[in-house]
There are 2 protein chains.
Amino acid sequence: MEKENKYCYKYPRPAVTTDCIIFGFDESDLKVLLIERGIEPFKGKWALPGGFVHMDETTEEGAKRELFEETGIKDVYIEQLFTFSDLERDPRGRVISVAYFSLVQLNKYEAKAGDDAKRAKWFSVKNGPSLAFDHEKILRMALYRLKGKIRYQPIGFELLSEKFTFTELQHLYEVILEMSIDKRNFRKKIQKMDLLIELDEKQENVAHKAAKYYKFNKTKYEELSLKGFNFEI
Amino acid sequence: MEKENKYCYKYPRPAVTTDCIIFGFDESDLKVLLIERGIEPFKGKWALPGGFVHMDETTEEGAKRELFEETGIKDVYIEQLFTFSDLERDPRGRVISVAYFSLVQLNKYEAKAGDDAKRAKWFSVKNGPSLAFDHEKILRMALYRLKGKIRYQPIGFELLSEKFTFTELQHLYEVILEMSIDKRNFRKKIQKMDLLIELDEKQENVAHKAAKYYKFNKTKYEELSLKGFNFEI
DNA sequence: ATATTTTAGTGTAAATTTTACACTAAAATA
DNA sequence: TATTTTAGTGTAAAATTTACACTAAAATAT
């Protein structure tokens, strides 16, 4: 059994993992993608996707790899959140975890199971299950970061489909910021930034006046950013 | 020689270190505390203080311990900055570093040497030496964070003495934000927050009108924060 | 075909905040 | 007593934020 332990060092080393907080959004709710653990510890419990960092990859690459392996998600906005290192956070021993959060289009990713995950599923962040490890703490921090960040970086668009209505956009902000926003003032503010492209398309088969579709002008945003433009809501 | 490697694991593990970016301020400049490396790699080069994380401490505790050991600094504001994990960042092998930044009162801490550090010294962040490892990258990120953070959190006061004049405070903001600020507007804004306590004391032996001293009302800030108050400059 | 239901879409006036700007006061020194 | 130097103060214009209510258009029910 001891023979298995073939990687030896002069000083003890913690294990290093990543955890991913993947946010999604549908019209009514902010959601987080969780996987049901297929192995111990916490077998059967819901947890954030993640896993051990390999020696030939950065933590960010590791997070993206695990994200893809466990959920099929790739090519998404991902950002380092925080590194968690409490001594007792993992019953297997000393494990330090670098957490990343990611915003994806919910509809594009049907939850799928793989590897260590018996199944993956979207949960409302407000009514999710209790989580393994210190993942509730990690989720809380991710929510806090998202709430702060969405006001001055146009990351919210990552959560919406390519095309969206103004009402959908406003609703996203209302749900994440947990406040209601005046419709006219919100539109004025967004319009003035001039970062939306109005599409030649409207809603269809809605039992009310059909709303115009817009898309986010990412190219223009990046240009403006370079010149010191400040997105702020 | 192989006998020394007595900590063995089933899978390879990166080493984990911390690095500290310690900012200080004097009337004319933002400074960073660096140590001259006493051992290889990069022996003789300037670097951020830091070192390996122990198994019985969190990364934050490790950062504080190293900070104290190498510079004598303790009981200061410290905040996690970012975790750096590029594969080639350390010639000794795979080393992941959790960086913290800290704001201290420059005058309170005479640079002192210890441990692996032949000597420690304050440098202007604008005219520092080239640094070991990826520490220039880390420093750049810390500066960026400081610049962003100082606008909406009253962390700048950590850099000043207990008592300070309005001009000193303004100068701090001007140096960190790299912009000039209108004196009257700045005073108006700060005064309105009502977070400064005017002391019964003035400058002495200055060849001009003596300025009043103020101190930061930390207690009041904490109270107001709980009620949702927003510091913002 | 007409009325009903439902959400889209729009403008203005008041309040607040931000900005630009220049002189007098006080301390030490010459 | 004059000079030098920084402290300390107010106001008006511009810009931004806020509060607020009705018409338009699509589908469905009658």
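I will try to describe carefully the structure that is included in this document. Please read all numbers here as calculations on a predicted model, not as lab measurements. (Residues numbered from 1 in each chain as written. Chains lettered and ligands numbered in written order. Predicted model: local features only at pLDDT ≥ 70, side-chain atom pairs only at ≥ 80, totals over all residues. Heavy atoms only, no water.)

Once that is clear, we can look at the overall build of chain A. Scanning chain A for helices and strands turns up five helices and 11 strands. Projected onto its principal axes, the C-alpha positions of chain A cover 70 × 40 × 30 Å. Per-residue burial over chain A gives 49% buried out of 233 residues. Counting contacts in chain A only where the partners sit at least 6 residues apart, residues at least 24 apart contribute 66% of the total. A total accessible area of about 12600 Å² is found for chain A, and carbon and sulfur atoms account for 48% of it. (Helix = DSSP H or I, 4+ residues; strand = E, 2+ residues; numbered from the N terminus. Buried < 20%, exposed > 50% of the residue type's maximum accessible area, 1.4 Å probe, protein only. Contact = heavy atoms within 4.5 Å. Areas by Shrake-Rupley, 256 points an atom, 1.4 Å probe, with all protein chains shown as cover.)

Per the stated rule, a full pass over the model turns up one disulfide over all chains. Covalent S-S linkage joins Cys8(A) and Cys8(B), the inter-sulfur distance amounting to 2.2 Å. Taking the sign of the torsion about the S-S bond as the criterion, the disulfide between Cys8(A) and Cys8(B), at about 115°, is right-handed. Separated into two different chains, Cys8(A) in strand β1 (residues 7-9) and Cys8(B) in strand β1 (residues 7-9) make up a pair that spans both. Overall, Cys8(A) belongs to the partly exposed group, its relative accessible area being 29%. (Disulfide = S-S within 2.5 Å.)

Residue and element names in this part refer to chain B. Helix α4 (residues 183-193) packs onto helix α3 (residues 166-177) with a crossing angle of 100° between their chain directions and a minimal axis gap of 11 Å. In terms of orientation, α3 lies roughly perpendicular with respect to α4. Taking contact as the criterion, the partners of Phe-166, Thr-167, Leu-169, Gln-170 and Tyr-173 in α3 are, on α4, Lys-183, Phe-186, Arg-187, Ile-190 and Gln-191. In the contact of α3 with α4, the residues fall into five nonpolar, three polar and two charged. (Axes fitted to C-alpha atoms, helices over the stretch in contact; angles between N-to-C directions. Parallel < 35°, antiparallel > 145°, perpendicular 65-115°, else oblique. Nonpolar A, V, L, I, M, F, W, Y, C, P; charged D, E, K, R; others polar.)

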